[in-house]
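Structural characterization, general
This is what each chain is made of:
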Amino acid sequence: MSHIHTGSCLCGAVKFELKGEFKKFFLCHCSRCRKTSGSAHCASLFAPGAALRWLSGEEKLSLYRLEDTNFARTFCSVCGSNVPTDAKSRGLVVVPAGCLNTDVDITPQAHIFINSKSNWDEDLASVPAFEGMPSS
Ligand SMILES: [Zn+2]
Ligand SMILES: [Zn+2]
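Values in this document were obtained by computation on a predicted structure and should not be read as measured data.

What follows covers the overall build of the protein chain. The secondary structure content of the protein chain amounts to one helix and 11 strands. Taken from the N to the C terminus, the helices and strands of the protein chain come in the order β-β-β-α-β-β-β-β-β-β-β-β. What you see for the protein chain is a C-alpha radius of gyration of 16 Å, in line with the 14 Å of a compact globule of 136 residues. Considered along the principal axes of its C-alpha atoms, the protein chain spans approximately 40 × 35 × 30 Å. Of all 136 residues assigned to the protein chain, the portion counted as buried reaches 23%. Partitioning the intrachain contacts of the protein chain with sequence separation of at least 6 by distance along the chain shows that 65% fall at a separation of at least 24.

This brings us to the sheet that holds strand β7 (residues 72-76). An order of β6-β7-β8 is seen for the three strands of this open sheet, with the pairing classed as antiparallel. Looking at the sheet topology across the chains shown, the edges are occupied by β6 (61-65) and β8 (82-83). By the bridge criterion, five bridges tie β6 to β7 in an arrangement that is antiparallel. Bridging from a neighbouring strand, L63 pairs with T74 of β7.

Sites flagged by UniProt as "domain: CENP-V/GFA" (unreviewed entry) map to residues 5-121. From the first C-alpha to the last, residues 5-121 spans 30 Å; its make-up is 6% helix and 44% strand.

For the rest of this paragraph, the subject is the pairing of strand β1 (residues 3-8). One ladder, built from six bridges, connects β1 with strand β2 (residues 15-20); its direction is antiparallel. By the bridge assignment for β2, S8 is matched with K15. Following β1, the chain reverses through six residues before pairing antiparallel with β2; G12 in that reversal takes a positive phi of roughly 90°.

The next point concerns the pairing of β6. The element β6 is largely exposed, with a buried count of zero among its five residues. Counting the residues in the hairpin turn of β6 and β7 gives six residues, including D68, whose phi is positive at 60°.

Here we take up the nonpolar core. Ranked by internal contacts, the top residues of the largest apolar core, which has 16 residues, are L18, A47, V83, V93 and V95. Going through the elements one at a time, β2, β4 (42-48), β7 and β10 (92-96) are the ones with two or more residues in this core. Sorting elements by how many residues they give to this core places β10 first, with three residues. Beyond its immediate sequence surroundings of up to four residues, L18 is in contact with H5, A47, A50, L52, P84, V93 and V95.

Below, the discussion takes up unusual backbone geometry. With a phi angle near 60°, D68 is a residue other than glycine that sits in the positive phi range. Relative to the helices and strands, D68 is located in the loop between β6 and β7. Backbone geometry places D123, a non-glycine residue, at a positive phi of 50°.

Rules behind the numbers
- Residues numbered from 1 in each chain as written.
- Chains lettered and ligands numbered in written order.
- Predicted model: local features only at pLDDT ≥ 70, side-chain atom pairs only at ≥ 80, totals over all residues.
- Helix = DSSP H or I, 4+ residues; strand = E, 2+ residues; numbered from the N terminus.
- Rg over C-alpha atoms; globule rule 2.2 N^0.38 Å.
- Buried ≥ 20, exposed ≤ 12 C-beta atoms within 10 Å, placed from the backbone.
- Contact = placed C-beta atoms within 7 Å.
- Pairing = 2+ DSSP bridges.
- UniProt positions renumbered as here; feature names shortened; annotations may be inferred.
- Core = buried A, V, L, I, M, F, W, Y, C linked by C-beta atoms within 7 Å.

Below, the structure written as structure tokens:
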């Protein structure tokens, strides 16, 4: 049974629909994911055999592929948001979880490439949390 997931970039130019199921959900701390996300890790959902359809903004998409690797990122050329990458050669759609507007029905299954993680990426669950920006 297939589910319909939808998502968009920050500026709203790019909108998509994904028909399929998320089978894997990894938090990847590798240096490539740290660079492209500017953060501690990527949160990547893997949907083998899923059908990705661009609802708007397809002409705004940019694809970056790291030479001689499988590593690729699709992003909005206006706002820079990561959006799904259709890895057709691998029969797989890779979806950055943060670009989805619909709920995800699975939870992260693993942190991966933790040997590459940043030196400040330790025990982040114990850092104080605020609903918004803390007042100084
Ligand atoms: Zn955008
Ligand atoms: Zn990675």
